[in-house]
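# Per-entry structural report
If you want the building blocks of each chain, they are given just below.
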Amino acid sequence: MGEGLRGEVVLHATGREEPVKIIRYALRHLLEEGRVDGVVTGRLAEGECKPSLAVSSSLEEAASAPVAQIILYGYKKLGSAPKTLVERAGERLAVLVKPCEARAIVELAKRRKVNLDDVYVIGFDCPGMRREEAHPPEELGRTLSDPPSREELRDACRRCEVHSPPYADVVFSFLTKSGVPIVEARTEKGAALVMHLRSRGLVAGEPALEDVLEREEAIRRLDEEGGRWLVEERERWLSAPEEERLSWFNSQLNLCVKCGSCIRACPLCFCKDCILLSRRREYTPSLFIATRMLHMADSCVGCGKCDEVCPKSIPLSFMFYHVGRMFTSRYGYTPGADFSKPPRIV
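Summarised in this report is the structure supplied together with it. The shown structure was predicted, so the numbers you read here are calculated from the model rather than taken from an experiment. (Residues numbered from 1 in each chain as written. Predicted model: local features only at pLDDT ≥ 70, side-chain atom pairs only at ≥ 80, totals over all residues. Heavy atoms only, no water.)

## Topic: the overall build of the protein chain
From N to C terminus, the protein chain includes 15 helices and eight strands. Relative to its length of 346 residues, the protein chain is compact, with a C-alpha radius of gyration of 20 Å against a globular reference of 20 Å. By principal-axis analysis of the C-alpha atoms, the protein chain measures approximately 65 × 45 × 40 Å. Within the protein chain, residue pairs in contact and separated by at least 24 positions form 73% of the contacts whose partners lie at least 6 positions apart. Accessible surface, the protein chain as shown: approximately 16200 Å² in total, 50% of it carbon and sulfur. (Helix = DSSP H or I, 4+ residues; strand = E, 2+ residues; numbered from the N terminus. Rg over C-alpha atoms; globule rule 2.2 N^0.38 Å. Contact = heavy atoms within 4.5 Å. Areas by Shrake-Rupley, 256 points an atom, 1.4 Å probe, with all protein chains shown as cover.)

Okay, here's the thing in structure tokens:
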């Protein structure tokens, strides 16, 4: 164990129990010991696989959190774990996040909207969120280590280039052929939590070198696949005649009904008095989305929440991410990648 900077590995371990059981125990332990005031978890309606986001201080809810469903599908509707940290600033919370959400937390911390000393960030390597809730509950444990096919992936996840959290106190990885999860502490408070899990027999010592190498290779492959898809997507777009591109773009913009769902769901939209919402009647549909694009140009992390909540099925993540990439690539800035560069302001 060492001092460790944000993002560095301070302590490695290997899971001895099912990852869902380990994470549930960790959430309950943090509550029980008074390390946090609540945990950002989910609640499942009968017959559903996608949970609604909830913040709870109940030990029972922490111990039965729908961890597998959160990892596989995320939260339904407007639920956003990073945004919850902003909305409940000042509360000490534990939160389970995928890499794009960890990137959002990094951006929010840079903008002084999240105090990392107040939160326990438990991250996980993510091969992508599934497009359909196709797996019955009894199959959830099996599919945690079974990456979805490109066809199963949500649109935003296909272009993802970051499949491991750039920041977290503790990271869980299921990307090993052996099925044994790797547990990684990246901060001192994360290391203390992992040491406690070790004392309870839930995790053991260093993971096997073969598992570590398999995980690194899986992350590299996933990142490269996302990068290739991003390039292919851009080339397909640019290969169309300019008039055709402009016509399609305008047709999508004009579908907007200015409901504001994309703003409410976006983890990086944190203004209490949003001018787009308060003065939406003054904006045409196309200007409404174009203004959103400019606001997101330096901060979009490609989470795809905007796609999920848009009532008109406008491919917002495609627009926002590609426009953002045109801006951020010029300055060598990747939103949420690390703490070394301040945000670029459009």
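That was the structure; now back to the text.
## Quick look at the pairing of strand E6 (residues 170-173)
Neither face of E6 is open: one carries Val-170 and Phe-172, the other Val-171 and Ser-173, and all of them are buried. Here strand E5 (residues 119-124) pairs with E6 via three bridges, running parallel. Counted as the bridge partner of Phe-124 is Phe-172 from E6. Relative to strand E7 (residues 182-185), E6 is paired through four bridges, and the arrangement is antiparallel. If you follow Phe-172 over to E7, its bridge partner there is Val-183. (Buried < 20%, exposed > 50% of the residue type's maximum accessible area, 1.4 Å probe, protein only. Pairing = 2+ DSSP bridges.)

## Observations regarding the packing of aromatic side chains
Two descriptors summarise a pair of aromatic rings, namely the distance from one centre to the other and the angle between the planes of the rings. Scanning the entire structure with this criterion turns up seven aromatic pairs. Centroid distance Trp-237 to Phe-249: 6.2 Å. Interplanar angle 55°. Geometry classified as tilted. Taken together, the residues Trp-237 in helix H9 (residues 209-239) and Phe-249 in helix H10 (residues 242-253) connect sequence positions twelve residues apart. Seen from their ring centres, Phe-327 and Tyr-331 are 5.1 Å apart, and the 55° between their planes marks the pair as tilted. Directly above the aromatic system of Trp-229 lies the positively charged group of Arg-236, at a separation of 5.0 Å from the ring centroid. (Phe/Tyr/Trp six-rings, centres within 6.5 Å; stacked < 30°, edge-to-face > 60°. Lys NZ or Arg CZ within 6 Å of the ring centre and 35° of its normal.)

## A look at the pattern of salt bridges
The final tally for this structure, using the stated rule, is 24 salt bridges. Between Glu-308 and Lys-50 there is a salt bridge whose closest N-O contact spans 2.8 Å. Placement of the pair is Glu-308 in helix H14 (residues 305-309) and Lys-50 in the loop between strand E2 (38-43) and strand E3 (52-56), with a sequence separation of 258 residues. Note on Glu-308: relative accessible area 29%, which makes it partly exposed. (Salt bridge = Lys/Arg side-chain N within 4 Å of Asp/Glu carboxyl O.)

## Quick word on the sheet that holds E2
As summarised here, the arrangement of the eight strands in space is E3-E2-E4-E5-E6-E7-E1-E8, forming an open sheet in which the pairing is mixed. Looking at which strands have only one partner, the edges of the open sheet turn out to be E3 and strand E8 (203-204). Of the strand pairs in this sheet, E2 and E3 are connected by five bridges, and their pairing is antiparallel. Residue pairing across strands places Arg-43 opposite Ser-52, the latter belonging to E3. In this fold helix H5 (residues 99-110) packs onto strand E4 (93-97) and E5, with an angle of close to 135° to the strand it touches most, E4. Against the sheet, H9 contacts E6 and E7, and its axis sits at roughly 80° relative to E7. (Axes fitted to C-alpha atoms, helices over the stretch in contact; angles between N-to-C directions.)

## Here's the deal with the state of the cysteines
Disulfide: a covalent bond formed between the sulfur atoms of two cysteine residues. Scanning all chains against the criterion turns up zero disulfides. Take Cys-100: it sits in no disulfide, and the sulfur closest to it among the cysteines is that of Cys-303, at 5.5 Å. Note on Cys-269: no disulfide assigned, nearest cysteine sulfur contributed by Cys-266 at a separation of 3.8 Å. (Disulfide = S-S within 2.5 Å.)

## Here we look at unusual backbone geometry
If you check the backbone angles, Lys-77 has positive phi at about 55° while not being a glycine. Even without being a glycine, Ser-313 presents a positive backbone phi close to 55°. Along the chain, the position of Ser-313 falls in the loop between H14 and helix H15 (316-328). The exposed category is assigned to Ser-313, whose relative accessible area is 60%.

## Examining the side chain of Arg-111
By secondary structure assignment, the location of Arg-111 is in the loop between H5 and E5. Here the side chain of Arg-111 touches Asp-298 through a polar contact of 3.0 Å, side chain to side chain. Excluding residues within four positions of it along the chain, Arg-111 makes contact with Phe-270, Asp-298, Ser-299 and Pro-343. (Polar contact = N/O pair within 3.5 Å; in protein donor to acceptor, adjacent residues only side chain to side chain.)

## Structural notes on H9
When the terminal C-alpha atoms of H9 are compared, their 45 Å separation across 31 residues agrees well with the 45 Å that a helix rising 1.5 Å per residue should span. Every buried residue of H9 is listed here: Asp-211, Val-212, Glu-214, Arg-215, Ala-218, Ile-219, Leu-222, Gly-226, Gly-227, Trp-229, Leu-230 and Glu-233. Check the buried side of H9 and you find it contacts helix H7 (155-158), E6, E7 and H15. (Expected span 1.5 Å × (residues − 1).)

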